[in-house]
Amino acid sequence: MTTRILMGATVFAAVLAASAPALAQDASLDPVFGSVTLKAGFQPDPRSVDIVAGGTEDASHLGGACVGMVGDAPDYRLNYTAGGLPLNIWVYADVDTTLVVNDPDGEWVCNDDGAGDGGNVNPGLRWATPPSGVYDIWIGRYGKGDGAQARLVFTENH
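Residues numbered from 1 in each chain as written. Predicted model: local features only at pLDDT ≥ 70, side-chain atom pairs only at ≥ 80, totals over all residues. Heavy atoms only, no water.

Asker: So what's going on with the state of the cysteines? Which residues, and what values?
Answerer: Tallied over the full model, the rule gives one disulfide. Here Cys66 pairs with Cys110 through a disulfide, and the sulfurs are 1.8 Å apart. Residues Cys66 and Cys110 are joined by a disulfide whose S-S torsion is about 65 degrees; by sign, that bridge is right-handed. Remark: Cys110 occurs in strand 8 (residues 108–112) and Cys66 occurs in the loop between strand 3 (57–58) and strand 4 (69–70); sequence separation between them is 44 residues. (Disulfide = S-S within 2.5 Å. Helix = DSSP H or I, 4+ residues; strand = E, 2+ residues; numbered from the N terminus.)

Asker: Which residues make up unusual backbone geometry, and what values do they have?
Answerer: Each neighbour pair has its own omega, and for Gln43 with Pro44 the value is -5 degrees, a cis peptide bond. Of note, Pro44 is situated in the loop between strand 1 (35–39) and strand 2 (47–53). Here the bond from Asp45 into Pro46 is cis, since omega is 15 degrees, no more than 30 degrees from zero.

Asker: Quick rundown of a nonpolar patch on the surface? Include the residues and the values.
Answerer: Among the surface-exposed residues, Val32, Phe33 and Val52 lie close enough to one another that they form a single nonpolar patch of about 220 Å² accessible area. In this fold, Val32 is placed in the loop between helix 1 (2–19) and strand 1. (Patch = residues over 30% accessible without salt bridge, like charges linked within 9 Å, V, L, I, M, F, W, Y side chains within 5 Å. Areas by Shrake-Rupley, 256 points an atom, 1.4 Å probe, with all protein chains shown as cover. Salt bridge = Lys/Arg side-chain N within 4 Å of Asp/Glu carboxyl O.)

Asker: I'd like a description of the environment of Tyr92, backed by residues and values.
Answerer: Mapped onto the fold, Tyr92 is located in strand 6 (residues 87–93). Measuring from C-alpha to C-alpha, the distance between Tyr92 and Gln149 comes to 8.9 Å, with 57 residues separating the pair along the chain.

Asker: I'd like a description of the pairing of strand 5 (residues 76–81), backed by residues and values.
Answerer: Relative to strand 5, strand 1 runs parallel, the two sharing five bridges. Residue pairing for strand 5: Thr37 is matched across the bridge by Asn79. Note that strand 5 and strand 10 (residues 133–141) share five bridges and pair antiparallel. The partner of Leu78 across the bridge, within strand 10, is Tyr135. (Pairing = 2+ DSSP bridges.)

Asker: Could you give me a rundown of the side chain of Asp45, with the residues and numbers involved?
Answerer: Considering the arrangement of structural elements, one finds Asp45 in the loop between strand 1 and strand 2. The side chain of Asp45 is buried and forms no salt bridge, while Arg47, the nearest opposite charge, is found at 8.1 Å. Within the local environment of Asp45, its side chain forms a polar contact with the side chain of Thr155, the two groups lying 2.5 Å apart. Separated by 3.3 Å, the side chains of Asp45 and Asn157 make a polar contact. Ignoring any residue separated from it by four or fewer positions in sequence, one finds Asp45 in contact with Phe154, Thr155, Glu156 and Asn157. (Buried < 20%, exposed > 50% of the residue type's maximum accessible area, 1.4 Å probe, protein only. Lys, Arg positive; Asp, Glu negative; His and termini not counted. Polar contact = N/O pair within 3.5 Å; in protein donor to acceptor, adjacent residues only side chain to side chain. Contact = heavy atoms within 4.5 Å.)

Structure representation (structure tokens):
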């Protein structure tokens, strides 16, 4: 009887997994533009990296505020050790970009136009008390179009 229950649970779990929507964004893939390890109080602040925003996958399937066209693999990976400071992740570009982050808690956090730069095309996210761990980051392009040059910025100021 125990074997039958375990087998039934295994089949049930397999059915649930098969019915769940497939996510195109795969944090297990190597980031396209590299990674950085930072800990609270990092210098220089801000820290930035140039990337190409965009991709062929619509991030809206992630739900919430997630929008924009992104790639399968993360664009960049931040390994962060938190302290008593906030963490800000912003993107600056000449085109309308979006920001998709899979945070250390496994939550999808997204933004479009929230960097507070007045231009209303740059995304930004702020963790007042950020968790330590891996932040996998995708920079999307709002609407369809070829990739666009963008600057990904990490800062504890603002």
